[in-house]
Amino acid sequence: MKLHRALTPVAVITLATLAAGCGKPAQQQQQMPPPEVDVMTVKANAVPIVQDLVGRITAVRMADVRARVAGVLQKRVYTEGTDVKEGELLFQIDPAPLRATLNAQLANLAAAQATYQNNHVAAERARSVAQKGLLSKADVDAADAAERTAAAAVKQAQANVEAAKINLGYANVTAPIAGRAGKQQVTEGALVGQGEATLLTTIEQIDPVYVNFSQAIGSLDDVRRAAAKGEVQLYEEGKAKVEITMPDGSSYDKTGALDFSDTAVDAATGAVTLRGIVPNPEHHLLPGMYVNVHLTLGDLKRAWILPQAAIQRDAEGAYVYVLGADGNVARKTIDVYTSRGADSIVKGGLTDGDQVVVSGLMKVHPGAPAKAAAPRSDAQPAQPKQADTH
């Protein structure tokens, strides 16, 4: 009872003021405007399917240049590390012994021809005398046999001469293919071709070049299944694009094509060997170099490209918030095909014209109103517009 008497007019006014203040936050909350969010208007397009792989450069053609006859290497004619033409002279082996062998075979041929000529005259004479009955048949047969033997000796001598000419020609070692000639393997003055075809150098044809790489069979099967469903348009054989990123991260300015796909899967790796052929006119790509390969197998016929920041995930899967025509936010479950960089490739769950919330996601929830702050087209944010498969 004493406490009630102690209340003064000032205290009563203070309590009334506090009671009135407690109602203001609720009133202000009801009057707050919808949150502003950034949205992008999406539209489906065809998106290239790109696989990022690691490849190794090899020469299209490679030939070992070897000494095909025995002899002493006299000199190297070409400059190491330069391009040579097919048939261009590279090395010279001492031709003197080979020329002497040819001359000896020519002399043997002359002797064989002379013997044949003598035996031929004798056989003709024997056949003439035999027609008159003045020579026995045995003598005629002997003369014919001598003529045939001499003719065979001539052919043998001719073959020996031809072989000697070929060996003499091998004294000039020429390039079997056009390409870049490597380091000299044997110095001048060395005996080469003695018992084996000595390696002198190697020529590699590096324009164009091959890039060899492998792809997991699972990724290829995914693409094939999508193609079977009509979701993917695969390029025709030989049309799949091969693009290269150099070891320093720069993009190679020439585009190649896939030209070989193995029919078997490597049991150890579960991958299929693939090969592309790439132009290399300036010889920037060298055999043995490792590069990053971007293989475009085809196009995802209908897909949307969204920033990854716009996509959320929970136990039900990936989803986005979409601002509807009524100004309220709705949740849409989406089918994410893959991602590339800061973007995601979506192949299902969206409709052309949807306004997807790309920022301010913490301000909104399904069924609540929101306001688009800065609409933008899907042509602006998502680069590059390519779908990866791994």
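In this report, we go over the structure that sits alongside the text. Since we're looking at a predicted model, the values are computed, not measured.

Here the focus is the pairing of strand β12 (residues 256-265). Sheet analysis places strand β11 (residues 241-245) next to β12, joined by 2 bridges and oriented antiparallel. When the sheet's bridge partners are listed, Lys241 is paired in β12 with Ala257. Note that β12 and strand β13 (residues 271-278) share 5 bridges and pair antiparallel. Considered in β13, the bridge of Ser261 is made with Leu274.

A few words now on the packing of aromatic side chains. If you walk through the whole model with that rule in mind, you get 2 aromatic pairs. Centroid distance Tyr78 to Phe91: 5.5 Å. Interplanar angle 75 degrees. Geometry classified as edge-to-face. Placement of the pair is Tyr78 in the loop between β3 (71-76) and β4 (83-84) and Phe91 in strand β5 (residues 89-93), with a sequence separation of 13 residues. Aromatic side chains Tyr319 and Tyr321 sit 5.7 Å apart centroid to centroid with 65 degrees between the ring planes, which places their arrangement in the edge-to-face category. Each member of the pair, Tyr319 together with Tyr321, is buried.

Assignment of secondary structure puts Gln233 in strand β10 (residues 232-234). Accessibility expressed as a relative area gives 44% for Gln233, which makes it partly exposed. The spatial distance from the C-alpha of Gln233 to the C-alpha of Ile49 is 9.5 Å, given a sequence separation of 184 residues. Those residues in contact with Gln233, other than ones at most four positions away along the chain, are Gly298, Asp299 and Lys301.

It is worth spelling out the sheet that holds β3 at this point. Spatially, β6-β5-β3-β8 is the arrangement adopted by the 4 strands of the open sheet, whose pairing is antiparallel. Pairing within the sheet leaves two strands with one partner each, and these edge strands are β6 (172-174) and β8 (191-192). Sheet topology note: the β3/β8 ladder contains 2 bridges and is antiparallel. Directly across from Gly71, in β8, lies its bridge partner Val192.

Attention now moves to the pairing of β3. As paired strands, β3 and β5 are joined by 3 bridges and run antiparallel to one another. Residue pairing in the sheet places Arg76 in a bridge with Phe91 of β5.

This part is about the pattern of salt bridges. As enumerated under the stated definition, the model contains 16 salt bridges in all. Between Arg66 and Asp64 there is a salt bridge, with its nearest N and O atoms 3.6 Å apart. The salt bridge partner of Asp352 is Arg302, with a shortest N-O separation of 3.5 Å. One end of the pair, Asp352, is in the loop between β19 (343-348) and β20 (355-359); the other, Arg302, is in strand β14 (residues 290-307), and 50 residues separate them in sequence. Overall, Asp352 belongs to the partly exposed group, its relative accessible area being 34%. Salt bridges sharing partners connect three or more residues here, namely Glu124, Arg127, Asp144 and Glu147.

Our focus in this paragraph is the nonpolar core. Grouped together as the largest cluster of nonpolar side chains are 32 residues, with contacts concentrated most on Val211, Phe213, Ile244, Val278, Leu285, Leu295 and Leu300. Sorting the residues of this core by element identifies β2 (45-66), β9 (199-216), α6 (217-228), β11, β13 and β14 as the ones contributing at least two each. It is β14 that provides the largest number of residues to this core, a total of 7 residues. The contacts of Leu300, once residues within four sequence positions are left out, are Asn45, Ala46, Val47, Ile49, Glu231, Val232, Tyr337, Ile345 and Lys347. With 28 residues, the next largest nonpolar core counts Leu73, Leu90, Ala164 and Ala181 among its residues.

Quick look at the side chain of Gln205 now. Here Gln205 is to be found in strand β9. A polar atom in the side chain of Gln205 sits 3.3 Å from the backbone oxygen of Ala178. In contact with Gln205, other than residues within four places in its own chain, are Ala59, Val60, Arg61, Ala178 and Gly179.

Looking now at helix α5 (residues 137-169). Over its 33 residues, α5 runs 49 Å from end to end, which matches the ideal 48 Å to within 8%, given 1.5 Å per residue. Close packing links the buried residues of α5 with α4 (96-131) and β6.

Let's shift gears to unusual backbone geometry. With an omega dihedral of 0 degrees, the bond running from Asp207 to Pro208 counts as a cis peptide bond. Topologically, Pro208 is positioned in strand β9.

The topology assignment puts Pro176 in the loop between β6 and β7 (179-181). Taking relative accessible area as the criterion, Pro176 reaches 38% and is therefore assigned partly exposed. A C-alpha to C-alpha distance of 9.9 Å links Pro176 and Leu89, two positions 87 residues apart in sequence. If near-sequence neighbours (up to four positions away) are discounted, Pro176 is found in contact with Ala63, Val65, Glu86 and Ile203.

What counts, and where the lines are drawn
- Residues numbered from 1 in each chain as written.
- Predicted model: local features only at pLDDT ≥ 70, side-chain atom pairs only at ≥ 80, totals over all residues.
- Heavy atoms only, no water.
- Pairing = 2+ DSSP bridges.
- Helix = DSSP H or I, 4+ residues; strand = E, 2+ residues; numbered from the N terminus.
- Phe/Tyr/Trp six-rings, centres within 6.5 Å; stacked < 30°, edge-to-face > 60°.
- Buried < 20%, exposed > 50% of the residue type's maximum accessible area, 1.4 Å probe, protein only.
- Contact = heavy atoms within 4.5 Å.
- Salt bridge = Lys/Arg side-chain N within 4 Å of Asp/Glu carboxyl O.
- Core = buried A, V, L, I, M, F, W, Y, C linked by side-chain atoms within 4.5 Å.
- Polar contact = N/O pair within 3.5 Å; in protein donor to acceptor, adjacent residues only side chain to side chain.
- Expected span 1.5 Å × (residues − 1).

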